[in-house]
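Structural features, examined
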Amino acid sequence: MLVAAAVCPQTPLIVPRLPELRTADLTAVAALRDARPDLLVVVGGAETTRAYDGAAGGSLRPWGFDVTVGEGPPVLPLSLTVGRLLLDGEPVPARSVAYDATPAECRAIGAELAAAGRVALLVMADGSACLTPRAPGRYDEAAGPYNALVAGAVGRADAAALAALDPREADRLWVTGRAALQVLAGAAEGTALTGRLLMEAAPYGVGYFAGVWT
């Protein structure tokens, strides 16, 4: 069963910048370890769904930062690389989930992960990238309310609200974390966890959250 979860942004900018957000992320990660899970797994969005073992490597060099994790070649997608960095390179297993995975597929992955014993998930998920005129995506007035919906669900540990996120709207609003959040929803089904939103920010027009469920 799921005993704890943390939601953190997948941006590589938490390495050289955004110190307050990085501090909030590390607080969330510490809560995962305090739960003493039998298994800790990093979950994040990517082009394809795939399982990685703890030896898999990752690199931020494509994003301009000379930072690597793991011993093997850099096969981890961005989300899982940043997650492993937040874990100080700890060789834990990781699971990517395709950005276009259906809600049912995401929830099934979450249920599978939660069935592995006392499990904690580090979920790497950004909100909308359409929050301001200078955001990576085209500004959309619906982005703010959607982002607030996600932040509220993270803060309340509201798995049902995350499970109900509309993939088409998420895609339109550049919400790259939708699939990973729905994996969390599947893992949390039937549990009674308490949520806490540690920080919410959008310094570049992209919604970033740091939250913890225990």
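Everything discussed here concerns the structure shown above.
In this report, the structure presented in the accompanying data block is examined. (Residues numbered from 1 in each chain as written. Predicted model: local features only at pLDDT ≥ 70, side-chain atom pairs only at ≥ 80, totals over all residues. Heavy atoms only, no water.)

**Description of the pattern of salt bridges**
Summed over the entire model, instances satisfying the criterion amount to six salt bridges. Close ionic contact of Arg 172 with Asp 140 constitutes a salt bridge, the shortest N to O distance being 2.4 Å. Here Asp 140 lies in the loop between strand S7 (119-124) and helix H4 (143-156) and Arg 172 lies in helix H6 (residues 167-172), a separation of 32 residues in the sequence. Looking at Asp 140, the relative accessible area reads 17%, which means it is buried. When the shortest N-O distance is used, the salt bridge between Asp 166 and Arg 168 registers 3.8 Å. For Asp 166, a relative accessible area of 29% translates into the label partly exposed. (Salt bridge = Lys/Arg side-chain N within 4 Å of Asp/Glu carboxyl O. Helix = DSSP H or I, 4+ residues; strand = E, 2+ residues; numbered from the N terminus. Buried < 20%, exposed > 50% of the residue type's maximum accessible area, 1.4 Å probe, protein only.)

**Side note on the environment of Arg 107**
Following the sequence through the fold, Arg 107 ends up in helix H3 (residues 103-114). With a relative accessible area of 31%, Arg 107 lands in the partly exposed category. Sequence separation between Arg 107 and Ala 151 is 44 residues; the distance between their C-alpha atoms is 19 Å. When residues no more than four places from it in sequence are discounted, the contact partners of Arg 107 are Ala 163, Gln 182 and Gly 186. (Contact = heavy atoms within 4.5 Å.)

**Re unusual backbone geometry**
Non-glycine residue Asp 88 carries a positive phi angle of around 60°. Assignment of secondary structure puts Asp 88 in the loop between helix H2 (78-86) and strand S6 (94-98).

**A closer look at the pairing of strand S8 (residues 195-201)**
Across six bridges, S8 lies against strand S9 (residues 208-213) in antiparallel orientation. Opposite Glu 200, over in S9, you have Phe 209 as the bridge partner. Where S8 folds back on S9, the antiparallel hairpin that results is connected by six residues, among which Gly 205 adopts a positive phi of roughly 80°. (Pairing = 2+ DSSP bridges.)

**Side note on H4**
The terminal C-alpha atoms of H4, which comprises 14 residues, lie 20 Å apart, in line with the 20 Å expected from a rise of 1.5 Å per residue. For H4, the set of buried residues is Ala 143, Tyr 146, Asn 147, Val 150, Ala 151, Ala 153 and Val 154. Each buried residue of H4 sits inside an arc of 160° when the element is viewed along its axis, so together they form one side. Contacts made by the buried residues of H4 are with strand S1 (2-8), helix H5 (159-163), H6, helix H7 (178-188), S8 and S9. Positive backbone phi, approximately 55°, marks Ala 157, located one or two places after H4. (Expected span 1.5 Å × (residues − 1). Arc of directions from axis to C-beta.)

**So, a negative patch on the surface**
Taken together, Glu 47, Asp 100, Glu 105 and Asp 171 make up a surface patch of like negative charges. In this fold, Asp 171 is placed in helix H6. (Patch = residues over 30% accessible without salt bridge, like charges linked within 9 Å, V, L, I, M, F, W, Y side chains within 5 Å. Areas by Shrake-Rupley, 256 points an atom, 1.4 Å probe, with all protein chains shown as cover. Lys, Arg positive; Asp, Glu negative; His and termini not counted. Charge placed at Lys NZ, Arg CZ, Asp CG, Glu CD.)

**Here we look at the pairing of strand S2 (residues 39-46)**
The buried fraction of S2 is high, at seven of eight residues. With five bridges joining them, S2 and S6 adopt parallel strand pairing. When the sheet's bridge partners are listed, Ala 46 is paired in S6 with Ala 98.

**As for the side chain of Ser 128**
Turning to its location among the elements, Ser 128 is positioned in the loop between S7 and H4. Within the structure, Ser 128 has its side chain in polar contact with the backbone oxygen of Leu 173 (distance 2.7 Å). With residues near it in sequence (within four places) discarded, Ser 128 still touches Ala 143, Asn 147, Leu 173, Trp 174, Val 175, Gly 205, Val 206 and Gly 207. (Polar contact = N/O pair within 3.5 Å; in protein donor to acceptor, adjacent residues only side chain to side chain.)

**Examining the layout of surface pockets**
In this model, the largest pocket occupies a volume close to 250 Å³. Together, Tyr 99, Asp 100, Pro 167, Arg 168, Ala 170, Asp 171, Trp 174, Val 175, Thr 176, Gly 177, Arg 178 and Ala 179 line the largest pocket. Going through the elements one at a time, H6 and H7 are the ones with two or more residues in the lining of the largest pocket. Here the lining of the largest pocket takes four residues from H6, the largest share from any one element. Considered class by class, the residues forming the lining of the largest pocket number six nonpolar, two polar and four charged. Put simply, the second largest pocket is a space of about 220 Å³. Lining of the second largest pocket is provided by 14 residues; of these, Asp 126, Ala 129, Pro 136, Val 206 and Tyr 208 occupy positions nearest its centre. A class-by-class count of the residues in the lining of the second largest pocket yields nine nonpolar, four polar and one charged. (1 Å grid on protein atoms, 1.4 Å probe; cavity = no way out; pocket = protein on both sides within 12 Å on 5 of 7 lines; lining within 4 Å. Points joined across faces, edges and corners; volume = space filled by probe spheres on them. Nonpolar A, V, L, I, M, F, W, Y, C, P; charged D, E, K, R; others polar.)

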